[in-house]
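# Summary of the model geometry
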Amino acid sequence: MIDIRIEKTTTPKEKPAAAGLGFGQTFSDHMFLMDYNNEKGWYNARIVPFGYLSIHPACTALHYGSEIFEGLKAYRKPDGSVQMFRPIENLRRMNRSAERLCLPQVPEEDFMQILDTFVGLEQDWTPSEAGTSLYLRPFMYGNDETLGVHAVHNATLAIIASPSGSYYKEGINPVKIMIEAEDVRAVRGGTGYAKCGGNYAASNRAGQRAEEKGYSQVLWLDGVERKYIEEVGAMNVMFKIDGTIVTPALTGSILPGITRMSCIEVLKSKGFTVEERLLSIEELEAALKAGKLEEAWGCGTAAVVSPIGELAYKDDIFVINEGKIGEVTQMLYDTLTGIQFGNGEDTFGWTHPVK
Ligand code: PLP
Ligand code: COI
């Protein structure tokens, strides 16, 4: 057990109205912070009023991108209580990201205690309207006060919380996605499987181009051959091709999504065949042209399960399932949100009550 000092705010904020909440725009009253030094280990765990961080201008994260993060949600159940969805998976992934970026590990039990204590304190910020939740953003950054390039000696772990609505303005309506033919997001051996800020910085140029053309996000191709489908900016992708579910294999350049993993488990439990393998753009185009690409969707914590109604690649535009949400996409959305919001039975044991 670690000792967490709690300093409560003396000026609690008003909770935002549910209408027009958007994603990640307002923040709860407190934040968690804990410092690390390679001689002392983790120290000074504290929950303090939400506010600005004070960092040295030479801070490693600012210059060399030593930063990782996670995203998970707390959901309000019909009985008023609050629960998280598979939080341990986020903590484990954060430690895998930390390993890749030479940031320190947080022992799983301590991490869970921190999350439980922080969310326990902030749970009133979990909105109750349909489709809303309390988005939790743990992050860690290298904090050395020197300009040498090396694995960090000092770091900070933080958690902030943001009452949020849907990630896309479309909500559950199909989104339009542009397949990126020029920029790449990650390569095998790089940091694609880690949830680090640099991956997102590298994505911004293509994302901006896509938005200018009216697309919500970019679908990335692999960084070596620019041939295989990888993932979307903030979600993994799945396709229903001739009755079979196909999703890109975790080759090292894709984020191993917790929603992806959950969708695969739900699909298998319902008898679907799920293939995790390389899927080329040619195969996808051929399936589209043959009328065999029945459904496409993205899945992620922020985006939940999001149908893809249109895919653009170079000069071609492909409409999928007449731009409507498909049966499997809807089933996954209903099953996952049913478990997350406590409307459906949690037969997988994925929920974690907040006390
Ligand atoms: N891929 C990327 C690049 C992401 O940012 C996310 C969001 O976290 C995902 C996939 C989906 O991961 P998860 O389901 O764990 O949220
Ligand atoms: C999430 O789904 O939690 C994410 O982190 C996506 C994001 C980059 C907004």
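Throughout, residues of each chain are indexed from 1 in the direction in which the sequence is written. Whichever chain is written first is A, and whichever ligand is written first is 1; the rest continue in order. Selection of residues for local features in this predicted model requires a pLDDT of at least 70, selection of side-chain atom pairs for listing and counting requires 80 or more, and totals for whole chains, interfaces and linings are taken over all residues. Working from all heavy atoms in the structure, the side-chain values ignore hydrogens and water.

All domain edges in this entry derive from an automatic or database-based domain assignment. Taken as a whole, the protein chain is organised into domain 1 (4-164) and domain 2 (175-340). What makes two residues a contact is simply this: any of their non-hydrogen atoms within 4.5 Å. Each partner contributes to the interface: domain 1 provides 21 residues, whereas domain 2 provides 22 residues. Among the residues of domain 1 in contact with domain 2, Phe85, Arg93 and Arg100 are the three that bury the most area, contributing 34% of the side total. Take a side-chain nitrogen of Lys or Arg and a carboxyl oxygen of Asp or Glu: if they are within 4 Å of each other, that pair is a salt bridge. Across the domain 1-domain 2 interface, the total number found is 1 salt bridge. Between Glu265 and Arg86 there is a salt bridge, and its shortest N-O distance comes to 3.4 Å. Buried area is calculated as the accessible area (1.4 Å probe) missing from two parts once they are joined, with the contributions of both summed.

Turning next to the packing of aromatic side chains. Two rings from Phe, Tyr or Trp (for Trp, the six-membered ring) form a pair when their centres are within 6.5 Å of each other. A pair whose planes differ by under 30 degrees is stacked, one over 60 is edge-to-face, and the rest are tilted. In the structure shown here, the tally under the stated rule is 9 aromatic pairs. Centre to centre, the rings of Phe23 and Tyr135 are 4.8 Å apart; their planes meet at 70 degrees, and the pair counts as edge-to-face. Here Tyr135 lies in strand β7 (residues 133-142) and Phe23 lies in the loop between β1 (5-6) and β2 (30-37), a separation of 112 residues in the sequence. Type-normalised accessible area, obtained with a 1.4 Å probe on protein chains alone, sets the label of each residue: buried when under 20%, exposed when over 50%, and partly exposed for intermediate values. Taking relative accessible area as the criterion, Phe23 reaches 22% and is therefore assigned partly exposed. Classification of Tyr135 by relative accessible area gives buried; the value is 7%. Seen in terms of ring centroids, Phe27 and Phe50 are 5.3 Å apart; in terms of plane orientation they differ by 10 degrees. Their pairing is stacked. Note that Phe27 is positioned in the loop between β1 and β2 and Phe50 in the loop between β3 (41-49) and α1 (60-64), a separation of 23 residues in sequence. With a relative accessible area of 25%, Phe27 lands in the partly exposed category. An aromatic cluster is built from Phe23, Tyr135 and Tyr167, whose rings are joined through pairwise contacts. Helix and strand definitions follow DSSP, with helices as H or I runs of at least four residues and strands as E runs of at least two, each counted in order from the N terminus.

Any residue with a non-hydrogen atom lying within 4 Å of a molecule or strand is treated as near it. Near ligand 1, the surroundings consist of 17 residues, among which Lys195, Tyr200, Glu231, Thr259 and Thr301 are the closest. Identification of polar contacts relies on pairs of N or O atoms within 3.5 Å, with a donor-acceptor requirement for protein atoms, meaning one able to donate a hydrogen and the other able to accept it, and with residues adjacent in sequence counted only if both atoms are side-chain atoms. In the environment of ligand 1, an oxygen atom lies 2.7 Å from a nitrogen or oxygen atom belonging to the backbone of Ile258. Throughout, the Shrake-Rupley method with a 1.4 Å probe supplies accessible areas, and for residues the shown protein chains are the sole cover considered. If ligand 1 stood free it would expose 380 Å²; the protein chains cover 96% of that surface. Those elements that provide at least two residues to the shell around ligand 1 are β11 (229-232), α5 (258-269) and β15 (293-300).

Moving on, we come to the pairing of strand β5 (residues 72-76). For β5, a buried count of 5 out of 5 residues is recorded, marking the element as mostly surrounded by other parts of the structure. Side chains Leu72, Ala74 and Arg76 of β5 all project onto a buried face; the interleaved residues Lys73 and Tyr75 project onto the opposite face, where all are buried too. Think of it this way: DSSP has to see at least two bridges between two strands before they count as a pair. Direction of pairing for β5 relative to strand β6 (residues 82-85): antiparallel, over a ladder of 3 bridges. Bridging across to β6, Ala74 finds its partner in Met84. In this structure, the hairpin formed by β5 and β6 is closed by a connection of 5 residues, where Gly80 is found at a positive phi of approximately 95 degrees.

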